[in-house]
Amino acid sequence: MTARIPRQDGRARNSAPSPRPAPTGLVAADSRVAVQLTVNGTPVDLHVPPRLTLADALRDRLGLTGTHLGCEHGVCGMCTVLVDGEAARACLLFACQLQDADVVTVEGLGRPDDLHPLQEAFSRRHGLQCGFCTPGFLLSAYDLLTLSPDTPEDKLPEELSGVLCRCTGYRGIVEAVADVSRACPDGIPGPGNCAPRTLLGRLPGNGVRTAAKDSPSSAPADEPDEIRLPPGEPTVAVEISTDVDASPRDVWNVLDDAPLVATCLPGAELTDTLGGDRYRGRARVSLGPVRLQFVGLAHVVERDADSRRLRVLAAGDDPGGGSVRADIRVCVDEDGWTSRITATADVFLAGRVAQFGRSLADDVSAVLFEQFSAALGDAASGTPGTARQQAPSALRMVLSALRRRLARVRRRITSHLTPRRSSER
Amino acid sequence: MKAPPFAYVRPASVAGVVEHLSRDEPDAKILAGGQSLVPVLAMRLARPATIVDINAVEDVPGVERRGGALEVGATVRQRELERHPATAAVPLLRLSMPWIGHREVRSRGTVCGSLAHGDPAAELPAVACCVEAELQIANQQGTRTVPARTFFTSAMTTVLGPAEMLTSVRFPTATAEDGYAFAEISRRHGDYALAGVTVHVRAAGDEILRADMTAFGVSDTPVTWDAREVLRSATGAAGPDTDRRAITTSLMRDTPAIAEQLVTTSGDIHGSRGYRRRLVAALAAQELTLAYLRAVDATQGVP
């Protein structure tokens, strides 16, 4: 077996036939096929049911929701992506067919601060209104200008007829493509945003079992109880430290006891102990009207009683289409009569939780951690907890998050006037 | 609009494909490009138990010149053939391929897949019938060869058995005496044709040796009509020097009656049977003229 070298340019090979995929044995309908492919320059391993389309795999498994779905039977062209450099309908391809394929979606075409010439032309020529067809048009146009750069302008409407638009009347679209065709007679630049990065699905079941359908003890055989962190930069890197009014030894004893720790996590509940320091659980988070219920897995990968250090990998999926992976390191240090707990976490968010944006995710993590520390302090000192095993109060979370933001704004203003104190984050 | 569950296998050889097809007969389907099959699955019009993906099969040809034919293997995509230099040897492929669906469909759809699917309004089955292509079929007993004109038996039905695989198609290559023409009318570019015709004329000097016109979108299979007599009388005594418009006008006297025989499909919301008959009559006259002129004039023989 040869090493896989991801092709990152999404360029078409002229008239060369597509590479033959490796054969695969019979896979039952309710089983999964392992597929390795490259998506926007990122090598991706998928375990998919045979009937899952490429479009669904991109959107749900990899969180690349720029590929839109319209008719789902090959008529409207919304889901057009590049497969091995050629435009193809992602709803008419099964993901399991794409072993070793090189897929480029609209996310790989350009960056917000460095648009592809086609994207720039669509913007300038008003080639979009609602934007639903735009990803399909961009990749169809990319294919046309790459493989048939000498298409005469009067043939553009016909050549672009594989994608439907219901807003613009097509004129802006055709003008945008004509602009780029004129500006780049020797071919257009390749996709500008292809590089290895974090891709996380929106739906549960991406390696972590959901409890909604399955009973807690019956993990499907093909979904190992392993947590793999996505490559690339985390969405948020959180570093928080807080003082707890208990001795380091007492705090560590709580941290060393997974069921007890679980009772300290706001809204969390331990559902299953798997052995090998692996645990299944759920966590509920309320944030204003937003209710998230994560079902997931935690794995203590390092546990050092002497230096009181703990490293946990965690994975959680929300049935509404959110996914969290985290690499959490906690240490307890002596700080006079009390203990100082420091936690750092690399958090990878995908799906709807990622839409909160970086700063709010940061705030929420901080709020949760404060509540956790307080509960931990209670547990360590033997005081009964107050908010254990309940979802954090919606109102309190929002107020608390807001307060932090206001405080930060205030700090930002005052920091111009006063020297920054070292204790501030 | 998601496909129903199916088992999936991607064998490495024709024998492997045939074995899986016969194991699950008649509930296994071949997947090549999937541009016809997957919509059918998505609409739940078919629920095969097993999908046999042939894209890993090694022992099928690619695009190869073989004697007086261009052989196209089961996994060759339409767009791959479209830009393959060898396609120049079969001018009718060059003429017709751009009409198949859209670029986005041709980049995955295969030539043999289109033939095996046998949609009566599709371009490639008509082209195969018009030029008398031959289809190579593999089964558990071995292989057999079927002429295109007997391959299609009804709408989306061919002589292919449930455990048989179409491994390649051989299109005869053109000579200097051959002329071809292709035209179709569809509501939008990329749609299936309301009606279309594809023509092959072979003329040596004044003698019209062949004049085959295959119409599609008009019946449950492509239908081929031997137009030699009509074309001979239209070109008349003057032969190739007859004025082009005179040939077409003369042909138009005969083609409506022929169209009435050829067009048996009932009308639909997009066009009545009568409308399709008028389309075929007009297209036949126009394209027969064009193919004839291309046949007699070597300089415009190959478009």
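Cut-offs and rules
- Residues numbered from 1 in each chain as written.
- Chains lettered and ligands numbered in written order.
- Predicted model: local features only at pLDDT ≥ 70, side-chain atom pairs only at ≥ 80, totals over all residues.
- Heavy atoms only, no water.
- Contact = heavy atoms within 4.5 Å.
- Buried area = accessible area lost by both parts, 1.4 Å probe.
- Salt bridge = Lys/Arg side-chain N within 4 Å of Asp/Glu carboxyl O.
- Polar contact = N/O pair within 3.5 Å; in protein donor to acceptor, adjacent residues only side chain to side chain.
- Helix = DSSP H or I, 4+ residues; strand = E, 2+ residues; numbered from the N terminus.
- Nonpolar A, V, L, I, M, F, W, Y, C, P; charged D, E, K, R; others polar.
- Pairing = 2+ DSSP bridges.
- Patch = residues over 30% accessible without salt bridge, like charges linked within 9 Å, V, L, I, M, F, W, Y side chains within 5 Å.
- Areas by Shrake-Rupley, 256 points an atom, 1.4 Å probe, with all protein chains shown as cover.
- Buried < 20%, exposed > 50% of the residue type's maximum accessible area, 1.4 Å probe, protein only.
- Axes fitted to C-alpha atoms, helices over the stretch in contact; angles between N-to-C directions.
- Parallel < 35°, antiparallel > 145°, perpendicular 65-115°, else oblique.
- Left-handed = near helix turned anticlockwise from the far one by under 90°.
- Domains from an automatic or database assignment.
- Phe/Tyr/Trp six-rings, centres within 6.5 Å; stacked < 30°, edge-to-face > 60°.
- 1 Å grid on protein atoms, 1.4 Å probe; cavity = no way out; pocket = protein on both sides within 12 Å on 5 of 7 lines; lining within 4 Å.
- Points joined across faces, edges and corners; volume = space filled by probe spheres on them.

## Focus: the interface of chain B and chain A
Line of reasoning, step 1. With 43 residues of chain B at the interface, the matching set in chain A holds 46 residues.
Line of reasoning, step 2. Note on chain B versus chain A: buried area summed over both sides is about 3,700 Å², and carbon and sulfur give 53% of it.
Line of reasoning, step 3. The largest contributions to the chain B side of the interface with chain A come from Arg10(B), Arg103(B) and Glu104(B), which together make up 20% of the buried area.
Line of reasoning, step 4. Seen at the junction of chain B and chain A, the total is seven salt bridges.
Line of reasoning, step 5. Residues Glu86(A) and Arg83(B) are paired through a salt bridge, measuring 2.2 Å at the closest nitrogen-oxygen approach.
Line of reasoning, step 6. Counting across the interface, chain B meets chain A through 16 residue pairs in polar contact (both at pLDDT 80 or more).
Line of reasoning, step 7. Put simply, the parts of the chain that give the side of chain B that touches chain A at least two residues each are strand 1 (7-10), helix 2 (37-42), strand 3 (50-53), helix 3 (78-82) and helix 5 (103-106) of chain B.
Line of reasoning, step 8. For the side of chain B that touches chain A, the residue count by class is 21 nonpolar, ten polar and twelve charged.
Line of reasoning, step 9. Note that strand 1 (residues 24-27) of chain A and strand 1 of chain B share two bridges and pair antiparallel. By the bridge assignment, Thr24(A) is partnered in strand 1 of chain B with Arg10(B).

## Digging into a nonpolar patch on the surface
Residue and element names in this part refer to chain B.
Line of reasoning, step 1. Nonpolar side chains collect at one region of the surface, where Met 1, Met 43 and Leu 45 lie side by side and expose about 320 Å² of accessible area between them.
Line of reasoning, step 2. Assignment of secondary structure puts Leu 45 in the loop between helix 2 and strand 3.
Line of reasoning, step 3. A residue is classified by how much of its surface remains accessible, and Leu 45, at 65% relative accessible area, is exposed.

## Considering the sheet that holds strand 10 (residues 165-172) of chain B
Residues and elements named next belong to chain B.
Line of reasoning, step 1. If you trace the five strands from one edge of the open sheet to the other, you get 4-5-10-6-7, paired in antiparallel fashion. In the strand order of this sheet, the two ends are held by strand 4 (63-66) and strand 7 (142-147), each with one partner. Direction aside, neighbouring strands of the sheet carry axes that sit 25° apart on average.
Line of reasoning, step 2. Note that strand 6 (residues 134-139) and strand 7 share six bridges and pair antiparallel. Residue pairing for strand 7: Ile 137 is matched across the bridge by Arg 144.

## Quick look at the pairing of strand 10 of chain B
Residue and element names in this part refer to chain B.
Line of reasoning, step 1. Of all eight residues in strand 10, six are buried; the element is thus mostly enclosed.
Line of reasoning, step 2. Relative to strand 10, strand 5 (residues 69-73) is paired through five bridges, and the arrangement is antiparallel. Following the sheet pairing, Ala 69 is matched in strand 10 by Pro 172.
Line of reasoning, step 3. Pairing geometry for strand 6 and strand 10, over five bridges, is antiparallel. Residue pairing in the sheet places Ala 138 in a bridge with Met 165 of strand 10.

## Some thoughts on the side chain of Glu72(A)
Line of reasoning, step 1. Within the element layout of this structure, Glu72(A) appears in the loop between helix 1 (54-61) and strand 4 (80-83).
Line of reasoning, step 2. One polar contact links Glu72(A) to Lys2(B), side chain to side chain, over a distance of 2.5 Å.
Line of reasoning, step 3. With near-sequence residues (within four places) excluded, Glu72(A) lies in contact with Asp56(A), Cys91(A), Met1(B), Lys2(B) and Ala42(B).

## A word on the pattern of salt bridges
Residues and elements named next belong to chain A.
Line of reasoning, step 1. According to the stated counting rule, one finds 40 salt bridges over all chains in the structure shown.
Line of reasoning, step 2. Residues Arg 124 and Glu 120 are paired through a salt bridge, measuring 2.5 Å at the closest nitrogen-oxygen approach. Taken together, the residues span about one helical turn, with Arg 124 and Glu 120 both in helix 3 (residues 117-124) at a distance of four residues.
Line of reasoning, step 3. The partly exposed category is assigned to Arg 124, whose relative accessible area is 43%.
Line of reasoning, step 4. Measuring nitrogen to oxygen at the nearest pair gives 3.7 Å for the salt bridge that ties Glu 269 to Arg 282. Here Arg 282 lies in strand 9 (residues 278-287) and Glu 269 lies in strand 8 (residues 268-275), a separation of 13 residues in the sequence.
Line of reasoning, step 5. Given the relative accessible area of 36%, Glu 269 is considered partly exposed.

## So, the packing of helix 3 of chain A against helix 4 (residues 134-147) of chain A
Residue and element names in this part refer to chain A.
Line of reasoning, step 1. The contact between helix 3 and helix 4 brings their axes to 10 Å, and the two run at 125°. Between helix 3 and helix 4, the crossing angle belongs to the class labelled oblique. Regarding helix 3 and helix 4, the two cross each other, and that crossing is right-handed. Along the contact surface, helix 3 presents Leu 118, Gln 119 and Phe 122, while helix 4 presents Thr 134, Phe 137, Leu 138, Ala 141, Tyr 142 and Leu 145.
Line of reasoning, step 2. Tallied by class, residues from the contact of helix 3 with helix 4 come to seven nonpolar, two polar and no charged.

## Some details on the domain arrangement of chain A
One frequent convention defines the size of an interface as the accessible area lost when the parts assemble.
Line of reasoning, step 1. For chain A, the assigned domains read domain 1 (33-203) and domain 2 (236-383).
Line of reasoning, step 2. Each of domain 1 of chain A and domain 2 of chain A has a C-alpha centre, and the two are 39 Å apart.

## Structural notes on the environment of Ser186(B)
Residues and elements named next belong to chain B.
Line of reasoning, step 1. Inspection of the secondary structure assignment puts Ser 186 in the loop between strand 11 (178-185) and strand 12 (195-204).
Line of reasoning, step 2. By relative accessible area, which is 18% here, Ser 186 ends up buried.
Line of reasoning, step 3. Once you skip the residues sitting within four places of it in the chain, Ser 186 turns out to touch Asp 191, Tyr 192, Ala 193 and Leu 194.
Line of reasoning, step 4. Of note is the side chain of Ser 186, whose polar atom sits 2.9 Å from the backbone oxygen of Arg 188.

## A few points about the packing of aromatic side chains
Here a ring pair, both rings aromatic, is described through the centre-centre distance and the interplanar angle of the planes.
Line of reasoning, step 1. Throughout the structure, instances matching the rule amount to five aromatic pairs over all chains.
Line of reasoning, step 2. Where Phe151(B) meets Phe152(B), the ring centres are 5.0 Å apart and the plane angle is 90°; that geometry is what we call edge-to-face.

## Observations regarding the packing of helix 4 of chain A against helix 6 (residues 171-183) of chain A
All names here are of chain A.
Line of reasoning, step 1. Running from N to C, helix 4 and helix 6 point in directions that differ by 35°, and their axes come no closer than 11 Å. For the crossing formed where helix 4 meets helix 6, the hand is right-handed. Where helix 4 abuts helix 6, its residues Phe 137, Ala 141 and Leu 145 lie against Ile 173, Val 177, Val 180 and Ser 181.
Line of reasoning, step 2. When its residues are assigned to classes, the contact of helix 4 with helix 6 shows six nonpolar, one polar and no charged.

## Topic: the sheet that holds strand 5 (residues 86-89) of chain A
Pairing between the strands of a sheet is mediated by backbone hydrogen bonds and can be parallel or antiparallel.
All names here are of chain A.
Line of reasoning, step 1. Spatially, 3-2-6-4-5 is the arrangement adopted by the five strands of the open sheet, whose pairing is mixed. Lying at the two open borders of the sheet, with one neighbouring strand each, are strand 3 (42-48) and strand 5. Across the sheet, the axes of successive neighbouring strands diverge by a mean angle of 40°, strand direction being ignored.
Line of reasoning, step 2. One ladder, built from two bridges, connects strand 4 with strand 6 (residues 102-104); its direction is antiparallel. Across the sheet, Leu 82 pairs through a bridge with Val 104, a residue of strand 6.
Line of reasoning, step 3. Of the strands in this sheet, strand 4, strand 5 and strand 6 are in contact with helix 4, which crosses strand 4 at around 40°.

## Notes on empty space enclosed by the protein
All names here are of chain A.
Line of reasoning, step 1. In total, this model carries four cavities of 30 Å³ or more according to the counting rule given.
Line of reasoning, step 2. Approximately 1,400 Å³ is the volume attributed to the largest cavity.
Line of reasoning, step 3. Lining the largest cavity are 49 residues; nearest its centre among them are Leu 265, Ala 283, Ala 314, Ala 326 and Ile 328.
Line of reasoning, step 4. A breakdown of the residues in the lining of the largest cavity according to their chemical character gives 40 nonpolar, four polar and five charged.

## Things to note about the side chain of Thr235(B)
Residue and element names in this part refer to chain B.
Line of reasoning, step 1. Here Thr 235 shows up in helix 9 (residues 228-235).
Line of reasoning, step 2. On the accessibility criterion, Thr 235 (4% relative accessible area) is buried.
Line of reasoning, step 3. Polar contacts involving the side chain of Thr 235 include one to the main-chain carbonyl oxygen of Arg 232, which spans 3.1 Å.
Line of reasoning, step 4. Once residues lying within four places of it in the same chain are set aside, the contact partners of Thr 235 are Ile 208, Thr 242, Ile 247 and Tyr 292.

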